[in-house]
Every structure is written in structure tokens, then in C-alpha cells.
Amino acid sequence: MDLNNKKATRQSYGEALVELGKENNSVVVLDADLAGATKTNMFSKEFPERFFDMGIAEQNMLGVAAGASTCGKIPFVSTFAVFASGRAYDQIRNSICYPKLNVKIGATHAGISVGEDGATHQCLEDIGIMRTIPNMVIINPADDVEARAAVVAAYEHQGPVYIRLGRAVVPVINDNEDYKFEIGKGVVLREGKDVTIFATGLEVAEVNEAAKIHGCSATAAAALGRTLTATAMIGAMIKDEEGNFIVNGQKTLIPFIYKSTDNMMISMLRQLDEPYS
């Protein structure tokens, strides 16, 4: 991992859409007057006949995308996360997820990565909102490599997908040859025995560096896909006869959930006196 190699996941999203557009004429992109910010302007320049700027009307945009999907199109709908999950919630819930339509939502500027755009645009609750809706798949990529893979995975998945993307540039951490992206699976970034940290999205690079700074032997893992709380990875842990969790033959710490300033994380930060159940 080269910390000097950085790229915004929204940029990766825009580039990946262009590649998809070259492969399949059914891919269309809709935006709510934010193409320059969401990076869908790349697609609009390459395929103007398949790009639709719907103006500042997110609810209508999601409704149009729902209709387009019933006509054989594969719509990627783009706007800021605060507008996608908040303003257009009803359309996502009832017009897209209820009938399980093949609509993909590229929600950029999520969390506090939106920075100077201010508190009104710093959407922290979008993961929680989207996770409550049946049939919705959430993908929260950590870097350029995952963002590109997420777009392809969303395209191949039959049904609604919410891709959470950031504004700020972040380190490329998954540029290794054996990296494999799979919806709902986690990736172990480094092995350790003192503490285990689960993170998702833009927080992944931060917690990986935090483990180095504090000098602890940490297992750092990124939770991908729908299981953002890393339930699947925790479920893979087993207990020894004393009730301790065992990962890779080592005792690990007991998980508890807390909400960070940006993403949901599970951190193994303390050992309980009694076995966890």
C-alpha cells in the first residue's frame, strides 16, 4: 500500500461507468444537476444519448430510473448521499426495492468526506437508512480498486444496489494481485493478535494506519457488501473451552459496536470477564 497513491472513490465511479457503457448499450446514467461533482460527466461526454440530467429533482429521477429498468435499461442514478437516501427515500423504498427493480444508486459525498460543503451535506445516516429496506444491497468501497469493482458487481447483481462513495481522495490500499472483491465478504488487510478492528469504506485506510501508529499487533479487516457490520466475519470466529474467541489460532478480543464520526465500525477493544454470547 502506497499512501501517496490517492484517488477519490467518486472519480473511480465515473471512470468505471464509462467502461461499462462501452460494454453494454443498456447502461444509462441519470444525475440531479451534479454531474461535475459525482463524476458522471465522464459518461455524459462519452455517451450523451444515454445520459439524462434530471435537474434538482431527485425524487422524480429515482422514479424515472425505476421505469427505465422495467424497459430493459440498467440505470445508474447519481447524486449526493444526503439527497439519495433522504430526499428520495420513498421512491427507493416503494418504487425500486419493493418490486426489486434493477436500479443502481451511486451516492457520492457520503459521510464527513464532503468536508467544507457543511453539516447539511454530511450524511452519516445513509447506511442505516438503506439497510432497513428489504432487497437493497449496500456496497461501501474503501478505495479506487474497490470502487471500480463495486460498480461492476452492482452491474452484475440483479436488483437494487446502493454504492456509497466519498468526495476526498483516499489511499489505494487494495492494489495487490491476490485481491478479490465479493459482495458480502470481508477482506483481512493485516494479521495480528492484540486487537481486531473492523472498518468499512473510507475508514479502512485510517484504521489500518492507526494500528501501525499505536504499535499494536492488529488484525485489520474491511467489511464489504451488505454485511457492513461485519456479522459474517464475526460469525466465522470460534470459541475455545474457556469461552474466548479464536481467530487464526489466536485469542482475540470481544466485539462491541460503536458509531464513529463517519462509518459503522466494529472494534475489538476490550476483553470481557465473562464469555460473550
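Above this text sits the structure in question.
Residues numbered from 1 in each chain as written. Predicted model: local features only at pLDDT ≥ 70, side-chain atom pairs only at ≥ 80, totals over all residues. Heavy atoms only, no water.

(A) Examining unusual backbone geometry more closely. For D33, which is not glycine, the phi dihedral falls at a positive 65°. Within the fold, D33 resides in the loop between strand 2 (27-31) and helix 2 (35-38). Non-glycine residue K100 carries a positive phi angle of around 55°. (Helix = DSSP H or I, 4+ residues; strand = E, 2+ residues; numbered from the N terminus.)

(B) Quick look at the pattern of salt bridges. Under the definition given, this model contains 9 salt bridges. Across the pair R148 and E15 runs a salt bridge whose closest N-O atoms are separated by 2.1 Å. Here R148, found in helix 8 (residues 144-156), pairs with E15, found in helix 1 (residues 9-23); they are 133 residues apart in sequence, far enough to count as distant. Since its relative accessible area comes to 21%, E15 is described here as partly exposed. E58 is paired through a salt bridge with R87; the nearest N and O atoms lie 2.9 Å apart. Here E58 is found in helix 4 (residues 58-69), whereas its partner R87 is found in helix 5 (residues 81-87), with 29 residues between them in sequence. E58 gets classed as buried once you look at its relative accessible area, which sits at 3%. Among the residues examined, R87 registers a relative accessible area of 39% and is labelled partly exposed. (Salt bridge = Lys/Arg side-chain N within 4 Å of Asp/Glu carboxyl O. Buried < 20%, exposed > 50% of the residue type's maximum accessible area, 1.4 Å probe, protein only.)

(C) Inspection of the packing of helix 4 against helix 6 (residues 89-97) at higher detail. In the contact formed by helix 4 and helix 6, the axes pass within 9 Å of each other and the chain directions differ by 10°. In terms of orientation, helix 4 lies roughly parallel with respect to helix 6. Where helix 4 abuts helix 6, its residues Q59, L62 and A66 lie against Q91, I92, S95 and I96. (Axes fitted to C-alpha atoms, helices over the stretch in contact; angles between N-to-C directions. Parallel < 35°, antiparallel > 145°, perpendicular 65-115°, else oblique. Contact = heavy atoms within 4.5 Å.)

Scope: geometric values only; no functional claims are made or implied.
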